[in-house]
Every structure is written in structure tokens, then in C-alpha cells.
Amino acid sequence: MSSIFEKIIARQIPADIVYEDDRALAFRDISPQAPKHILVIPKKVIPRLAAAQPEDEQLLGHLLLTAAKVARAEGVSESGFRIVANCGPDAGESVPHLHIHVLGGRQLAWPPG
Ligand code: DGP
């Protein structure tokens, strides 16, 4: 069964897409935790960072550069932003398709909850 993010990639369910290329998709989180909250995902199905393989090295780098590109496009590159990849139950991962949260537009607390 395909995950909700695979359905977004396939345009089977709508999303506010802010960036797309051959390997990555970025769209606004449905439940934003900051004024800017975007998810960057690979089109390849990788459930989570812990499931990534050595052959995914270039793709993982591409996702990070995409996160930085999205932050620039959203105007938070200078003010600051945070990237988060929740991996597994203790981290609160809720969608089993690797995703990088890009959060910005407000002062973010540290440590996270
Ligand atoms: P995580 O808890 O790290 O697995 O983050 C999953 C995020 O995905 C969560 O912040 C809410 C978001 N999300 C879940 N379903 C949808 C959806 O259908 N559309 C969008 N845009 N975001 C979703």
C-alpha cells in the first residue's frame, strides 16, 4: 500500500507544492508548526533515514540542497531555519516515507520537545 506521500507525488491527493524536480518534491506541511513549514521528500521510496542505503548518498545530498533552496525561496535563509527528519517511534515519525521538515519564520526553541 502506498503512503500518503506517494499519493502526493502521484497527484492522487492535493498538496501545496513549492518545488519539484526529477528526484525531489517539496510541499507545505498540512499542520504547520512555524510560519514556514515545508516537507522535502525523495520521489524514490525510502521509508526513513535509517533505511537509506549507500547508493542513496547522492540523493540524500540532493535533498539537503533542496531544503536549502526551499528555505531561500521562502525567504528564511538569512533569518534562519531548521531541518528535521523524524526517524522512528521515539522521534514521532508518522509517515513512513523519508521527509525533511524545513521550519522557519519564527524563533525556534532548543532543545526540541
Ligand atoms: P513526521 O511526524 O515527522 O512523520 O511528519 C509528518 C508530517 O506530514 C506532519 O507534520 C504532517 C504532514 N502530513 C501528513 N499528512 C499530510 C498530507 O496529506 N499533506 C501534507 N501536506 N502534509 C501531511
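See the structure above.
The structure contained in this document is the topic of the report that follows. (Residues numbered from 1 in each chain as written. Predicted model: local features only at pLDDT ≥ 70, side-chain atom pairs only at ≥ 80, totals over all residues. Heavy atoms only, no water.)

### A word on the pairing of strand β5 (residues 100-104)
Alright, step 1. With respect to burial, β5 is a largely interior element, 5 of its 5 residues being buried.
Alright, step 2. In this sheet, β5 lies alongside strand β3 (residues 36-42) in antiparallel orientation, the contact comprising 5 bridges. Note that in β5 the partner of histidine 37 across the bridge is leucine 103.
Alright, step 3. Pairing analysis gives 4 bridges linking strand β4 (residues 81-84) to β5, with the strands arranged antiparallel. Bridged to isoleucine 83 within β5 is valine 102. (Buried < 20%, exposed > 50% of the residue type's maximum accessible area, 1.4 Å probe, protein only. Helix = DSSP H or I, 4+ residues; strand = E, 2+ residues; numbered from the N terminus. Pairing = 2+ DSSP bridges.)

### Overview of the side chain of aspartate 21
Alright, step 1. Within the fold, aspartate 21 resides in the loop between β1 (17-20) and β2 (24-28).
Alright, step 2. Comment: no salt bridge for buried aspartate 21; closest opposite-charge side chain is arginine 23, at 5.3 Å.
Alright, step 3. Of the polar contacts made by the side chain of aspartate 21, one reaches the side chain of tyrosine 19; its length is 2.8 Å.
Alright, step 4. Among the polar contacts listed, one links the side chain of aspartate 21 to the backbone nitrogen of alanine 24, at a separation of 2.7 Å.
Alright, step 5. Each residue touching aspartate 21, except ones within four places of it in the same chain, is listed here: Lys43, His62 and Thr66. (Lys, Arg positive; Asp, Glu negative; His and termini not counted. Salt bridge = Lys/Arg side-chain N within 4 Å of Asp/Glu carboxyl O. Polar contact = N/O pair within 3.5 Å; in protein donor to acceptor, adjacent residues only side chain to side chain. Contact = heavy atoms within 4.5 Å.)

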